[in-house]
Amino acid sequence: MKLVANFLDPMIGSRRRIKQGGKMKIPKALAKELESPVTCTEKGEFVSLREFVSKKKSYLSLSSLSQTQQAKITAERLKNQSEVKIAMIGAGIIDKERAIAEVEALSSVGQVFIETQQYLIKKLIDEAENGRLKKYIHNDHD
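Rules used in this analysis
- Residues numbered from 1 in each chain as written.
- Predicted model: local features only at pLDDT ≥ 70, side-chain atom pairs only at ≥ 80, totals over all residues.
- Heavy atoms only, no water.
- Buried < 20%, exposed > 50% of the residue type's maximum accessible area, 1.4 Å probe, protein only.
- Helix = DSSP H or I, 4+ residues; strand = E, 2+ residues; numbered from the N terminus.
- Arc of directions from axis to C-beta.
- Pairing = 2+ DSSP bridges.
- Lys, Arg positive; Asp, Glu negative; His and termini not counted.
- Salt bridge = Lys/Arg side-chain N within 4 Å of Asp/Glu carboxyl O.
- Contact = heavy atoms within 4.5 Å.
- Core = buried A, V, L, I, M, F, W, Y, C linked by side-chain atoms within 4.5 Å.

A word on helix α2 (residues 28-35)
Moving on, step 1. Along α2, the residues that are buried comprise L30, E33 and L34. Buried residues in α2, looked at end-on, bunch into an arc of 105 degrees, giving them a common side.

The structure is reproduced here in structure tokens:
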């Protein structure tokens with residue numbers, strides 16, 4: 001949990017607030033997360049963090065997502081990253097293309113990515129609804 005909190009700090013700009021024209025400026029990394037999928041609809045369409053919190057779409061709860069749906073969401077989130085490079089004991093260096101392939105294959109390496117992304121998604125949703133991200137989402141009108 002400390003790892004995710006540390007990851008969120010620079011994204012949220014917890015040390016300083018940047019105002020632009022009287023409006024809170026959204027940090028670049030956070031803006032990307034707001035548009036990344038966190039769940040999907042019953043039809044399989046992705047639902048972004050912004051849509052999830054604003055409840056603009058009907059969506060599936062995180063606990064009701066199938067393993068395949070979680071994999072699709074994770075793969076899409078990885079595709080949206082500019083770079084992915086992770087070293088895993090036993091698996092070696094994993095780049096973006098391999099990470100996506102492992103997730104889509106639902107391999108044991110892919111499962112690690114899926115579980116990590118599900119944890120991050122839950123933390124982002126909690127911060128968006130109740131925490132430090134709330135001010136950015138609710139003060140930002142599309």
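Here we look at the pairing of strand β5 (residues 85-88)
Moving on, step 1. In terms of strand pairing, β5 meets strand β6 (residues 92-95) through 4 bridges, oriented antiparallel. When the sheet's bridge partners are listed, A87 is paired in β6 with I93.
Moving on, step 2. Linkage of β5 to β6, two consecutive antiparallel strands, is achieved through a turn of 3 residues, within which G90 is found at a positive phi near 90 degrees.

With respect to the side chain of K96
Moving on, step 1. Turning to its location among the elements, K96 is positioned in helix α5 (residues 96-104).
Moving on, step 2. Buried K96, no salt bridge; nearest opposite-charge side chain is E97, N-O distance 6.0 Å.
Moving on, step 3. Non-local contacts of K96, meaning those with residues more than four positions away in its chain, are made with L78, K79, Q81, S82 and V84.

With respect to the nonpolar core
Moving on, step 1. Judged by nonpolar contacts, the single largest core of 20 residues is most densely connected at L49 and I125.
Moving on, step 2. By residue number, the principal contributor to this core is helix α6 (residues 108-130), which donates 5 residues.
Moving on, step 3. Those residues in contact with I125 that sit more than four places away from it in its chain are V38, L49, F52 and L62.
Moving on, step 4. Membership of the second largest hydrophobic core comes to 12 residues, among which are A71, V84, A91 and I94.

Functional significance is not addressed by these values, which are geometric in nature.
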